Amino acid sequence: MVRSSTEVEIPLESYLKPNSFIYWKDQRYRILSRDHRDVQVESVPGLEPHTFKIVDLVVLDGEAPPVFAPTLDKMREKLEMLRPPPIRSASANLPQSLRDKAERVVKEYKEINRLLAVKKDEVEKSGNVFLRTKELKTICEARGIVIATYYNYRNTYREYSGDQAAIAASLRRPRSFGHSRLTDAQLHLVDSAIVKYYARKPAIRKVTLYETIKSTYTRTGERWIDPVKCAGKVPQDLVDQLFDDKLPIQAILDNPEKERWLVPIKEPRRTWVYERINALEKRPDEGKTLIIARYGEEMWEYEQMIFDHFAHIATRPLQYVFADYCLLKVFIVDEATRSEPSRLWLTLLIDAYSRSVLGFVLTYEGPRIDTIQDALLNAIWPKTWITKLGIEGEWPCFGIPVQLSLDNAWSNHSHSLESLAGLISRDGEYSSIDLVFRKPYKARQGALIERFFRGLAAVIKKRLMGAIQSSHPKDIHNAAQEACLLYEDIYKFIVEEIVSYQNRPHSELDKMTPNQKWEQGLRSIPPAVPPLTEEVKRYFWREINGTREIKDKGIGLFNLHYWSPKLGTSKAPKAERGKPIQYEIRYDPSDISCVALFRGKLYIDDIKAKELRLSNNEYRSVSLWERELSKDLARSKGQATRDWVAYLNGLRELTETRTTEKKTAQRAAKKLNSKATSRSKASKTADVQRVNEALNQITTPQDKEYQSRLARFAIH
């Protein structure tokens with residue numbers, strides 16, 4: 001229970017609302033979802049997923065309770081109220097100009113707030129909706145300042161609790177480039193964060209960087225590296241560890257070699273951080289020179305050229321593998337009607353040592369939870385299947401990556417991928433995968449991957465129908481109009497280009513081909529991989545979040561009941577020592593009629609949905625997106641979404657009907673258009689009208705809601 005200031009008990013669960021915020025144990029989190037036992041959150045601003053047990057949030061007397069707020073601004077206000085007021089600075093010996101400016105900041109901030117309150121009262125009395133930002137902007141313009149200046153005044157006023165003397169003293173700090181009053185350790189923290197997080201594309205806001213620095217400062221126990229002690233050679237691995245919020249600070253302090261570099265520091269103020277960023281932005285050409293001069297070239301190269309760094313230190317294939325993805329600049333058409341244009345995403349795994357393409361996956365969807373898993377499935381085993389595509393040439397690269405470097409997108413942070421990384425080792429018989437996530441907000445790292453994508457884009461633009469020649473709307477429209485290739489055409493084209501790349505001399509490999517470099521590194525010893533059995537294939541299915549128990553009707557999932565003869569037997573018991581056994585579930589999103597049952601790392605069996613069983617004892621194949629559409633149909637009819645199976649047939653019949661109608665309309669339009677070419681201009685006009693009428697009669701769907709639901713799954 002949580003007590004308010006009046007000692008009224010409020011249920012803890014009432015605060016745990018999705019998209020609200022919680023501050024607990026010196027860290028901010030955004031609440032994603034919760035059930036009766038757990039609450040799923042992501043850290044702010046790191047976006048790292050976490051799971052708390054609700055019971056752990058209940059604290060004893062004397063312990064700091066969690067702080068809840070609906071927004072980050074409200075959270076900051078609450079935390080400011082809980083913190084002790086800052087130490088006041090005396091105004092003696094301060095220039096009169098600074099005292100006048102501090103007085104102006106306070107008066108301007110208070111006056112704008114007063115005018116805003118008056119305006120709000122007037123608007124609400126008139127029965128209209130008060131738009132705070134709009135009115136604030138109008139008031140600021142009338143007073144000759146921009147809204148950003150008001151926010152600066154507000155932040156300064158709050159930081160020093162309205163104390164004019166403290167504000168005046170804070171204004172005394174010099175603002176010129178390279179003359180900050182920060183200590184060497186404080187400055188190194190700020191500079192490291194700027195280089196690591198801020199100088200990236202897409203850029204992040206200054207406030208986000210500041211929150212990152214504050215979070216790191218708190219997590220490291222108010223310590224940071226003193227570059228003076230390091231004699232100009234700051235250990236970059238220690239910098240990474242200090243920024244890694246998954247690594248406890250005590251693990252670093254327990255290492256004497258690392259602990260000796262750290263010194264206590266004061267928290268860098270927001271204005272200090274902003275000044276440093278502004279100074280570097282005003283003189284960007286000197287940013288690299290300044291960083292190198294102050295900390296050495298290693299820091300700059302380590303952060304800016306990380307792929308090249310790994311490419312140079314790699315001593316064998318599979319040691320360091322990088323994943324990246326791009327949206328191909330070519331339209332394809334659907335197989336059914338050959339008229340619906342869409343684009344495909346290519347996800348690629350590249351080996352740093354040999355520059356070889358280890359594996360890939362081509363998907364309609366963008367990066368998602370199981371994209372990397374599908375690419376790994378393609379990468380780990382030999383590519384014997386390329387001969388079935390009629391492709392000549394060798395692509396000998398396969399094996400389990402020792403370290404896989406991934407983009408820091410949320411789709412890569414999943415229990416499913418982490419579980420796969422351990423399962424693939426088969427209890428230590430084979431290598432496991434060490435997952436490394438590239439720093440947030442960093443641009444794609446490594447010229448090699450970008451170079452491959454650029455080369456592929458150039459070939460696509462030159463050779464393929466439906467290729468997008470430029471970003472101009474006309475070129476995009478023309479590409480969509482001339483599109484004629486199918487998914488399998490692009491798939492074969494990608495494989496051909498990879499095989500060609502693997503057998504082409506590479507400028508960074510002393511004119512060796514990637515295949516030759518790969519073979520040289522392996523010294524004719526093939527990588528050890530487990531047999532690709534049906535059980536191993538299940539490792540690459542998507543894992544559900546959480547576990548399931550065996551009930552009387554089987555295991556419940558997707559509003560279905562899954563069963564197999566092994567459930568309830570000694571191989572898959574319901575309980576052990578009086579407690580229900582928790583099982584992990586993996587599934588294929590393209591067919592949820594069957595899921596795989598695991599107990600820890602042990603694969604038990606495939607279990608199938610009773611509700612999808614057909615009269616011939618086979619099971620109806622249903623994709624995850626079909627389930628979502630069927631749920632929408634059930635909801636639109638006023639039925640419970642759990643009854644989605646009943647609407648599955650109607651959905652498929654409707655899809656087939658619309659496809660047939662579309663083909664009929666296209667044939668009708670083609671027939672009428674061919675007749676129109678032999679008529680006069682007047683007759684052409686009449687025929688066009690009849691064509692439009694025919695199209696309207698044939699293609700106008702009776703179920704507009706279905707069309708809108710289907711549009712959500714279209715690939716643009």
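Residues numbered from 1 in each chain as written. Predicted model: local features only at pLDDT ≥ 70, side-chain atom pairs only at ≥ 80, totals over all residues. Heavy atoms only, no water.

## Focus on the pattern of salt bridges
Piece 1. Under the criterion given, the structure shown has 15 salt bridges.
Piece 2. Ionic pairing is found between arginine 463 and glutamate 497, a salt bridge with its closest N-O pair at 2.9 Å. Residue arginine 463 is found in helix α17 (residues 447-463), and its partner glutamate 497 is found in helix α19 (residues 487-502); the two are separated by 34 residues along the sequence.
Piece 3. Salt-bridge contacts for glutamate 534 lead to arginine 538; the nearest nitrogen and oxygen are separated by 3.2 Å. Within this pair, glutamate 534 and its partner arginine 538 are both found in helix α21 (residues 534-539), separated by four residues, close to a single helical turn. (Salt bridge = Lys/Arg side-chain N within 4 Å of Asp/Glu carboxyl O. Helix = DSSP H or I, 4+ residues; strand = E, 2+ residues; numbered from the N terminus.)

## Focus: helix α15 (residues 371-380)
Piece 1. Within α15, eight of the ten residues are buried, which leaves the element mostly enclosed by the surrounding structure.
Piece 2. Among all positions in α15, only Thr371, Ile372, Gln373, Ala375, Leu376, Asn378, Ala379 and Ile380 are buried. (Buried < 20%, exposed > 50% of the residue type's maximum accessible area, 1.4 Å probe, protein only.)

## A few points about the packing of helix α2 (residues 96-125) against helix α4 (residues 147-159)
The axes of two packed helices give the description: the angle between them and the distance between them.
Piece 1. Running from N to C, α2 and α4 point in directions that differ by 110°, and their axes come no closer than 9 Å. Put simply, α2 runs roughly perpendicular to α4. Where α2 crosses over α4, the two elements pack in a sense that is left-handed. Counting all contacts with α2, which are made through Val105, Val106, Glu108, Tyr109, Lys110, Ile112 and Asn113, the residues of α4 involved are Tyr150, Tyr153, Arg154, Tyr157 and Arg158. (Axes fitted to C-alpha atoms, helices over the stretch in contact; angles between N-to-C directions. Parallel < 35°, antiparallel > 145°, perpendicular 65-115°, else oblique. Left-handed = near helix turned anticlockwise from the far one by under 90°. Contact = heavy atoms within 4.5 Å.)

## Looking at the pairing of strand β24 (residues 602-609)
Piece 1. Of all eight residues making up β24, six are buried, and the element is well covered by its neighbours.
Piece 2. Here two bridges tie strand β19 (residues 560-563) to β24, and the two strands are oriented antiparallel to one another. Bridging from a neighbouring strand, tryptophan 563 pairs with lysine 608 of β24.
Piece 3. Sheet topology note: the strand β23 (residues 591-599)/β24 ladder contains six bridges and is antiparallel. Counted as the bridge partner of leucine 597 is aspartate 605 from β24.
Piece 4. Hairpin remark: β23 followed by β24, antiparallel, with two residues in the connecting loop; positive phi at glycine 600, about 65°. (Pairing = 2+ DSSP bridges.)

## Focus on the packing of aromatic side chains
Piece 1. Going through the model one piece at a time under the given rule, you end up with 17 aromatic pairs.
Piece 2. When the ring of tyrosine 364 is compared with that of tyrosine 487, the centres are 5.6 Å apart and the planes differ by 25°; the resulting orientation is stacked. Remark: tyrosine 487 occurs in helix α19 and tyrosine 364 occurs in the loop between β14 (357-363) and α15; sequence separation between them is 123 residues.
Piece 3. On the basis of relative accessible area, tyrosine 487 is assigned to the partly exposed category, the value being 24%.
Piece 4. Measuring from centroid to centroid gives 5.0 Å for phenylalanine 452 and tyrosine 501, while their planes differ by 85°, and the two rings are edge-to-face. (Phe/Tyr/Trp six-rings, centres within 6.5 Å; stacked < 30°, edge-to-face > 60°.)

## Digging into the sheet that holds strand β17 (residues 542-543)
Piece 1. If you trace the six strands from one edge of the open sheet to the other, you get β17-β22-β23-β24-β19-β18, paired in antiparallel fashion. In the strand order of this sheet, the two ends are held by β17 and β18 (555-557), each with one partner.

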